[in-house]
Structures are given as C-alpha cells and as structure tokens.
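Residue-level structural notes
Next come the chains, spelled out residue by residue.
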Amino acid sequence: MDDLKELRKQFLLHLGRAEDSSQLQNLRSRYLGKKGEITGLLKSLTSMPPADRPAAGKEINELKDFIENQLNRHLQKIHSREIEGRIQKESIDVTLPGPGSEIGGRHPISLVLDEVIDIFISMGFGVEEGPEIELDFYNFEALNIPRDHPARDMQDTFYINDEVVMRTHTSPVQVRVMQQRKPPLRFIAPGKVYRCDADISHTPMFHQVEGLMVDTNITFANLKSVLESFLHSVFTPDTPVRFRPSYFPFTEPSAEVDIGCIFCKGSGCRICKTTGWIEILGSGMVNPKVFKMVGYNPRKYTGFAFGMGIERITMLKYGIDDIRLFYENDLRFLGQF
Amino acid sequence: MLLPFNWLKEFIKIRKSPGEIADMLTMAGLEVESSEGSGDDTVFDIDLTPNRGDCLSVLGTARELAAVTGKNIKIPRFRLPSEDKRSWIRVSIGDRDLCARYAGRVLKGIKVEESPAWLKKRLELSGIRSINNIVDVTNYVMLEYGQPLHAFDFGKLVSGQICVSTPDKSIRFTTLDGIERLITGDMLLIWDGNKPVAIAGVMGGLESEVGEDTTGIFLESACFNPSSVRRTSSELGLKSESSFRFERGIDVLNVDKALDRASFLISELAGGVLCKRVDVFPRKYRPRQVKLEYAKVNNILGVNLSGTKIQDLISRIGARVEDFDDYLHVEVPSYRNDIENDFDLIEEVARLYGYHRIASSAPVIRVDALPKSKVRENIKSIRNHMCSRGYSEVINFSFMNPDMIRLLNLDSDDPRNNAVRILNPLRQEESLVRTTLVPSLLENLGYNFNRGIRTVKLFEISKVFIDKRQKSDKLPGESMRLGGAYLVDRTHRLWKDNVDDFFVVKGDIDAMIKKLTIGNGLWKRSSEPFLHPGRSADFILGNRKAGFTGILSPDVLHLLDMKVHNSDVVLFEFDLDIITVNKDRKHVYKQFSRFPFIQRDISVLVDPEWSAQDILELVKSYKSKLIDEVTVFDYYSGKNIPDGKISLGFNVHYRAYDRTLSDEEIDGVHNDLIGFLLKKSGAQLRQ
C-alpha cells in the first residue's frame, strides 16, 4: 500500500498550492471525481483476491475520508480569506452623514399651538375654526362692541370695507358656533388674528386660542379651575396663577389671568416689569347680551370664555425676547425647534 | 391715566404705602401699570378699561379705593364767593339726545396770568402742559372731578346767546390748534348766536380762545352724548382729554359741582366777579334700577354668599340698596354708566369680594368621545413629513406685496389676481391679502440665502384668500395651502448624485401624497407662468388641480435679489382642502397572491411627447389579470439612442392568485402586451 502513502503525499502537496476555491474544485475532481484517482482505486478492488479486499478497501476509504476532510477544511479557510478581502475592500468612512439626514425645524408658534390644542383636547374640548377675514358683525357687533363704542379702541383694526375686517381676535368663532349649535358646548378656536399695529412688542398678525364652555350650570369657579389646570399643564404644576378684574365687552364678570413670572419667580425683573406677574390670558363669564345675540336663553345657560396669545406663551416657554423673530423666518432661529 | 398719589390722599384717608395701594387698585381692576416716585410724590400710571370712565379722575379713583377698602371718601370743601344776580348769557339746547345738560357761568374782571407753582406741578405730574391760570384750572378740575370744562373769552361772544345744536349744512371751522376743519351735519357744535364757537366735547374754537388780554370768560360744563362725541372725534381725527372722557360717559349729576369748583379756583387765582350760574337740564334724571337675585350671584360665581354680604358689597360702590329677602333692589349711582344689568352687579360683587377668594372648582361635565378631525390629523402628518424630509416650517404674515404678485406673470384671468385689498395697510408692501404662498416663500428663501445659508428648504401651511368679486359674497374664499421652497447649493453637497432637484422635491411630495392615501392622482406638465415650462408639473386629483411643483423660471429668478449659481430654486404649493379631505374611503384589507411571480423587462424608444406615466397607464390598461405590478427602471436619452427619442425601461411582474405561472404561459401574454404597447404608442422596441 505504498502507493496510497505516495498518493496522500501528492495530495497534500497539491492542496498546499491551492489558493482559491476554483483550484480546490479541480483537486476535488482529480481525486474524488467520477474519473478521480480514489474512485479509480476503489474500482480496482474488484481485481484483487477476495481475501485482501476488505483490508485494502478500508485503507482506501480512510484516505478518501481524509482527502474529503482536508478539502472541506481548506475550502472553508479560503472562503473566509476571500470574504475578509472583500470586506476590507468595501470598507467606508462610517462617520459621514447619510443623505437626507437633515431634519427641518418646526415653527415654535406651531409647536406651542399644537401643545395648547392637545391640552384642551385632553380636557374634553373640541376644536373649531372660523374665517380670518370676518364680518364686522361677528368680530364686533355680536360681541357687544357697537360701532361708536370706546371698546373698539382696544383693537386697532385692518378694514377691508365698511362691513368686513381682518378679524382682530378669535372670539367671532364663539358666535358662529353658538349660532349653529345648542349647548352644551365645549371647544377651543385657534387661529391667526390681525391688528393694525407694529412695533418692538407688536406684530400685525399673531395667533390666539379662544375657548368657550356653555352649559346650564357653568360658574366662575369652574372658569378658574379649567384655566388653572391648563396653565399648570402648559407651564409647570407649581406656577402661581392669579385672576384679577378686567373688562371685555363680551364677558361679565371679566378676568385677566396672570402667572407668577417664570424668570424671576416673582421677585421682579425686566420681563414682568418688576411686578412679579405676567399677563397671560383674558377670560370671563359669557355676557348675557352675547347669548341673546345668538338666541340662547340667558336665564337657562351660563358659560365662560377665554382667549390667549400664543406668541406670548411661546416667548415665555423658550425664553424668546423679541416677538419679531417669529416672522423673520430665519433658519438659524427655526432650526432650534 | 397719570395720577399723583398725594392728590389722591386729599380725597381719601389712607395710611398704606403707594405700592400697597397700587396693588389694591390692580386687583380691583384698575391696573396700575407703573408707579414712579417724583420728589415727595408718587405718580401712578393707571391703564383704565374703557368701561370705567368714572375712574378717569382723582375723585373717581378715590371712590373706587373707598369701595375696595370699605372707607368713605372726603371731597375737599370750598366756599364759593357770592354771585352777581345777572347771568349775562342765555343757553338753549337744540338736541336733547346729544346734550343732556349744559351749565355755564360768566366770570368778569379776571386777570389772565401764569399759574402758581403748585398748580403747574400737579398738571405736569398728570402729563398736562401749563398754559395760563384759566385754562389750567379747567384742566385741573377735569383731572380732579372727571368733568371736562371749557373756557370761552366772553369778550369774543357777541350775541349773549349760547345754543347747542348741529349745523344745517357742512361748514368750515378753525379749532384751538389752528387747523381749519370740515364740520358735517351730524357734528354737535356750540354756537354764539349763529356763529360756531366750539365742537361740543372735542375742542374749542380759535377765535374765542382765552388769551393774555382776556378779561371775562364764559365757563362751560356740560354732558354730551358719548357716541356722538366719539363719532365726531374719530371722523375729525381729533382726540382730546375732553373727548376721551365724554366717549366713556361722565356723571351728569356732577356737571354743576365741577363748574362751581372751577369757578371757585378761578376767582382765587384770577380774581373777578362770579355771575349767576346757568344750568339747562331738560330731562329729569332717573337713576337706573336693577334687581339682583342672590341665587343668581351664587350660581354665576360658584360661591355661597349671604344676602347681607352681597348687600354690603354693593352698597360700597355708592349704590342705594333695598333688601327683599331673595333679591336686592339696587339704585345705580349716576357716575356708574357701565352698570346696566344684574351681570354688571355680579361683577361688582366678585370684584369687591376678591377674585382670589372664589375657590376653583372643576366643572361637572358629560363625558363624550369627540370625533377626530381627519383634516387636522392630515395636516399634522404633512407637517411632520415635511420636517422629517428636512424642510423647516415658516409662518408669514398673510399680506402680499403687489410688486411680488406682479413678478409671477399671472394670466389676467388667474384668480390669484383677485386679492383682497386692505383699506388701511401699515405699508404699501402689505396692502394685499395673500392669494398664494409663493411670494412670501420667495422672500423667505432670499432672506436666508442672502445671509449665507446654503441649504434652504422651507414649507408653510397657511390660508390664502381669493376675493370672489361678487356682491352677494361679502367674505372672500379662504383655503388652506401647503407651500414650499427649496434651494440647495450644488457645489457643497456631500453626495454628488445627478438627480435633478425637481425630482428630489417631487420625491418628497410623492411620499406625502402616498401617506395621505388620497387615491390616484396624475402629474402633468405645469402651465404655471413663473415656473420652468420643461421642469414643472401640476398634480391633478379627480379633475381638479391640487397643486404644482417645479423649478422657478430663470427669468423670475433673475428679477429676485439673489445670486444663485448652478443651483435651482424649486417651489411647490398644494391646496390642502383638496388633498386632505379624502371622502372617507373605507380602508379595507385586500388579499395578495402568495404564488411566485415571473418578471419580464420591456425597453422601448418613444417620442418625447410620451411620458413615462403615459406608458405606465397604457400598460395598466392592458387587459390581463396576470399583471401584478409595473415599474419604470430606466429613463435615458443621448448616446446610442436615435436623436429626439427617449428610451424607457419597464419591469413587469406577472402573478396569479390561484396557481404558479409557467414561463410558456407568460411568454404568450408578454409578447401580446408588447404588441399592444407598440401599436398604441407608436414606440419601437429597443433591442
């Protein structure tokens, strides 16, 4: 069986020279293929004396298994080497940013509007809308602001014509909704409003959120509770809130709502004009004159209304000190939100 | 209103500091905006709400403070010198609706001179310029009593007859400030016989002005109609301390007292003889009577106050009250013109009780699940989509510059020309209301680009307004839009792919449209006059144009103040009323085939009039249930392609729902599809 040893030696020599998977494939056919050397040896067993066959067969089969094993092991080695090479070649600088990785900024006003809306939705308020270019009737008359009344001085108005104005507040939505639906009502009306006024603390357009709740037993104590709850949610739960008398033609009694200055914590600073308080909301019980205007029975229904400026709340939340930043739309500003 | 603290102290005994008083007034509804020390005095700046005209004086503020503290006011006493028996003048009121009361007095032999220091100082602290002792006294008493007064030079009044009425026709009249004004028929005037001498409640005339050589005056103290004064003052564009007070309503029972106070002070400072007071008060004053139910007070405020408590609070405002077990009868004092009904009194109760003492209590409500607004949800999702695609959200004023809309070269019948015009714009550039978001977005783009920002991707969701130009529609059409602008500098891009920016933006839009699941829309070449005709598209949904996207036309870009090289400006605008309002299509699961697919490619050469979308639609129109999906995988023109032709490659997936398909079966279908396609489109098969 010397030729078997020789064959084994020869195989190992060939195997040592094989460098890639195709050469290994060649080796496999040369030794183990249909016309391969091992196959030939196995076929030659038939010409041996029957007594010798088992021993010789065993040896040949052992060599066959050996070659098989060697080939497989080597193939695996070569595979891993080939993959390693490919991996190395394909390597990239993984620190570069992917295309389209830049995200845009949300406008802070739009962010805070969403937040305010979500808080009221969580308290069971619906959301309503109304036209931004509005009839004088809805913007003023129906809200108990007659034409020759000094209350009109409270709002500098852009006029389109005698009967049509750019709405100066979101309050006309109250009237429009009440005209269409019966109580109970519980909704807010967010949107843009316009005043003929532009200086360091005023822009001719800004955003308000109006709110209205009407039912048979709504009280001023309810108004306080709902607005405190809202302010504690939009600011922090420990924010001090105070209500003080004020005047809006469409509410009676009316209340201005202040929060404790969030910058100086009430000790007095430039932002709160040293008072320790910041005006944040207007509110009040719906004036029965407004109820009469929309055909509600003021003896049966009571309700409260409120309105807030979103710019003011946004400035407080993000520490923005100039209202004009909102409408310059500078990406260095917008990119921060 | 500026109010010196020491003056206030003459009307009410208070031991508290100015700071404490300021706080009390603020919490009662008289907001003290600032309080500033000035020598030994402190001046409050009070921001009075328009309903509280009664507080526009030292007396009024003292009264309010008395109500808050439960104290009494003390009006400084004075002794009027004895009067001459004759009045020297007769007064008649022509229109009782416009003038409820008119009192006056002639003072003779007076000497006009500079006011004493104490008077000048009070006026100065109150923000009023000193003129002479006569005019200063009229202002002083106005500040003190809240009653506007006017002094005429008696020597210039010739008829001895004062009449209060409107003119028969428009006339010209020169006021104290030397300006000649046009007085129309509805403006109330004071006449000396048939010669006008003052605009009632607004301003006196130049001719009868009190000057250095004046030796006699006629002092007027009257009550004019608030609306009439306001109309006159705003039509003339003439506001005065006097008109401001009349507009807000004055105390009709205070007219004579203020006249006496001023007469006293003038006789003290300028000497002279007091003539007999004239006082025309044609209609008897009847105080307003209001019934206030105790239960209603508690129901509105959410408190539980006793009748006695309510009675106490209401009587503090100076009202006469009478208790009738379950309600209070209230006689409103003459100075509280703002109190008309029980709600006004409920506010008084709340105010004087203290808003802070009303305990908060959560409302008891019916719990209902509210329907979700699909439109709002969609807008929210668009907003998030645009941000995640790298666009920043902008919000612009709803105004539009007429020059900017002209820049867009719109056709004359384009509805976007029908902008609503503002009568009183702040600036000419803001005189129109937006009919499209494009002008604002171009301005935002320029603003940022010119500040060195090289990746500018913006979007805005706002309304536009189209004037319907029909008399029956008083209000314009309002429609919610999504607009956007894109400019990314080519030279500084990290990933230098060759994708046209048109497609980059269109990809962002296509993804948004898919997200909205609004059904099948079509893109076609856009006819927007401000876009590049070959690189812009309109999106058609149903048979309505829902929006457009495209490269800004080079000739419009040229007109903008932006130096853009080798990069494109892409714009888009969509009507959200169309693309967010899907007709509540039911979202139902559709079964898909689990059998394997067979794919075949087709490459064709077409004329440029044929778009990829046309060919796709054509393939989809081929009647075979086996076509599962068709996609474009190649678009090419140039080398190796005949001139003027475009090569399009499509990949077709065949699949059946009930069996595994064989190549032989598909070969037949596919060849037939190719035949169909070539016949319908005139395309050639590319080998």
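1. Concerning the layout of surface pockets
The gaps of empty space that remain are located by a probe, the size of a water molecule, rolled over the atoms. Residues and elements named next belong to chain B. Taken as a whole, the second largest pocket encloses approximately 1700 Å³ of empty space. Along its surface, the second largest pocket is lined by 41 residues, and Lys506, Asp510, Trp523, Ala612 and Gln613 are the ones closest to its centre. Among the domains, domain 4 (374-579) and domain 5 (598-685) are the pair contributing at least three residues each to the lining of the second largest pocket.

2. Examining the pairing of strand E9 (residues 302-309) of chain A
All names here are of chain A. Burial analysis of E9 places seven of its eight residues in the buried class, which makes it a mostly covered element. Pairing of strand E5 (residues 205-215) with E9 involves eight bridges; the strand directions are antiparallel. Pairing of Asp215 across the sheet is with Thr302, part of E9. Examined bridge by bridge, strand E8 (residues 277-286) and E9 share five bridges and lie antiparallel to one another. When the bridges of E9 are listed, Ser283 appears paired with Phe306.

3. Quick word on the packing of helix H5 (residues 108-122) of chain A against helix H10 (residues 310-318) of chain A
All names here are of chain A. Contact geometry of H5 with H10 gives a least axis separation of 9 Å together with a crossing angle of 100 degrees. It follows from the interaxial angle that H5 and H10 lie roughly perpendicular. Contact residues: Pro108, Ile109, Leu111, Val112, Leu113, Glu115 and Val116 in H5; Ile310, Glu311, Ile313, Thr314, Lys317 and Tyr318 in H10. When grouped by side-chain class, the residues that make up the contact of H5 with H10 number nine nonpolar, one polar and three charged.

4. Things to note about empty space enclosed by the protein
Overall, the coordinates contain six cavities of 30 Å³ or more when judged by the stated rule. As a volume, the largest cavity reaches approximately 130 Å³. Viewed by domain, the lining of the largest cavity spans two of them, domain 1 (2-69) and domain 2 (90-280) of chain B, each represented by three or more residues. Size it by volume and the second largest cavity reaches roughly 80 Å³. Lining the second largest cavity are 13 residues; nearest its centre among them are Ser246(A), Asn51(B), Arg52(B), Glu347(B) and Arg351(B). Among the elements of the structure, strand E6 (241-248) of chain A together with helix H11 (342-353) of chain B are those that each provide at least two residues to the lining of the second largest cavity. Looking at the lining of the second largest cavity, the element that brings in the most residues is H11(B), giving three residues. For the lining of the second largest cavity, the class distribution of residues is three nonpolar, four polar and six charged. Counting residues domain by domain, the lining of the second largest cavity receives three or more from each of domain 1 (2-69) and domain 3 (289-355) of chain B.

5. Thoughts on the sheet that holds strand E18 (residues 327-331) of chain B
By definition, the strands of a sheet pair up through backbone hydrogen bonds, in either a parallel or an antiparallel sense. Residue and element names in this part refer to chain B. On the basis of which strands lie adjacent, the open sheet formed by three strands has the order E16-E18-E17 and antiparallel pairing. Two strands in the sheet have a free side with no partner beyond their single neighbour: strand E16 (289-293) and strand E17 (320-324). For this sheet, the mean angle separating the axes of adjacent strands, direction not counted, is 20 degrees. With five bridges connecting them, E16 and E18 associate as antiparallel partners. Of the residues in E18, the one forming a bridge with Glu293 is Tyr327. Here helix H9 (residues 294-301) sits on the sheet and contacts E16, E17 and E18; the angle it forms with E16, its principal contact strand, is near 65 degrees.

6. Digging into the nonpolar core
Nonpolar side chains in soluble globular proteins tend to end up buried together. Residues Leu231(A), Met308(A) and Leu292(B) are the most contacted members of the largest nonpolar core, which totals 149 residues. In terms of residues, this core owes the most to one element, helix H8 (residues 220-234) of chain A, which gives eight residues. Sequence-distant contacts of Met308(A), that is, excluding residues within four places in its chain, are made with Val116(A), Phe120(A), His207(A), Gln208(A), Val209(A), Phe230(A), Ile280(A), Leu281(A) and Ile313(A). The next biggest cluster of nonpolar side chains, apart from the first, holds 89 residues, and it includes Leu48(B), Cys99(B), Phe152(B) and Phe218(B).

7. Re the packing of helix H2 (residues 21-32) of chain A against helix H3 (residues 37-44) of chain A
All names here are of chain A. The interhelical angle for the contact between H2 and H3, taken along N-to-C directions, is 10 degrees, at an axis separation of 4 Å. Considering the angle they form, H2 stands roughly parallel to H3. Touching Arg30, Tyr31 and Leu32 of H2 are Glu37, Ile38 and Thr39, all from H3. Residue composition of the contact of H2 with H3, grouped by class: three nonpolar, one polar and two charged.

8. Looking at the domain arrangement of chain A
What the domain assignment reports for chain A is domain 1 (2-89) and domain 2 (108-334). When each unit is reduced to the centre of its C-alpha atoms, the spacing between domain 1 of chain A and domain 2 of chain A is 89 Å.

9. Here we look at the interface of chain B and chain A
Tallying the contact residues gives 83 residues for chain B and 90 residues for chain A. Both sides of the chain B and chain A interface together cover about 7100 Å² of buried area, and 59% of this is carbon and sulfur. When residues of chain B are sorted by the area they lose upon contact with chain A, Arg230(B), Tyr355(B) and Ile395(B) head the list and together hold 10% of the total. Our enumeration of links across chain B and chain A arrives at seven salt bridges. Put simply, Arg244(A) and Glu31(B) hold a salt bridge, and the shortest N to O gap is 3.7 Å.

10. Examining the domain arrangement of chain B
When the parts come together, some accessible area is lost, and that loss is often what is quoted as the size of the interface. According to the domain assignment, chain B consists of domain 1 (2-69), domain 2 (90-280), domain 3 (289-355), domain 4 (374-579) and domain 5 (598-685). Just the C-alpha atoms count here: the centres of domain 2 of chain B and domain 4 of chain B sit 59 Å apart.

11. Thoughts on the pattern of salt bridges
All names here are of chain B. Going through the model one piece at a time under the given rule, you end up with 76 salt bridges over all chains. Of the charged contacts in the structure, one is a salt bridge between Asp500 and Arg535, with a shortest N-O distance of 3.0 Å. In this pair, Asp500 sits in the loop between strand E23 (477-488) and helix H15 (501-516) while Arg535 sits in strand E25 (residues 531-541), placing the two residues 35 residues apart along the sequence. Of the residues examined, Arg535 reaches a relative accessible area of 23% and is grouped as partly exposed. It is possible to trace a salt-bridge network through shared partners that takes in Arg52, Asp54, Glu64, Arg336, Asp338, Glu348 and Arg351.

Rules used in this analysis
Residues numbered from 1 in each chain as written. Chains lettered and ligands numbered in written order. Predicted model: local features only at pLDDT ≥ 70, side-chain atom pairs only at ≥ 80, totals over all residues. Heavy atoms only, no water. 1 Å grid on protein atoms, 1.4 Å probe; cavity = no way out; pocket = protein on both sides within 12 Å on 5 of 7 lines; lining within 4 Å. Points joined across faces, edges and corners; volume = space filled by probe spheres on them. Domains from an automatic or database assignment. Buried < 20%, exposed > 50% of the residue type's maximum accessible area, 1.4 Å probe, protein only. Helix = DSSP H or I, 4+ residues; strand = E, 2+ residues; numbered from the N terminus. Pairing = 2+ DSSP bridges. Axes fitted to C-alpha atoms, helices over the stretch in contact; angles between N-to-C directions. Parallel < 35°, antiparallel > 145°, perpendicular 65-115°, else oblique. Contact = heavy atoms within 4.5 Å. Nonpolar A, V, L, I, M, F, W, Y, C, P; charged D, E, K, R; others polar. Core = buried A, V, L, I, M, F, W, Y, C linked by side-chain atoms within 4.5 Å. Buried area = accessible area lost by both parts, 1.4 Å probe. Salt bridge = Lys/Arg side-chain N within 4 Å of Asp/Glu carboxyl O.

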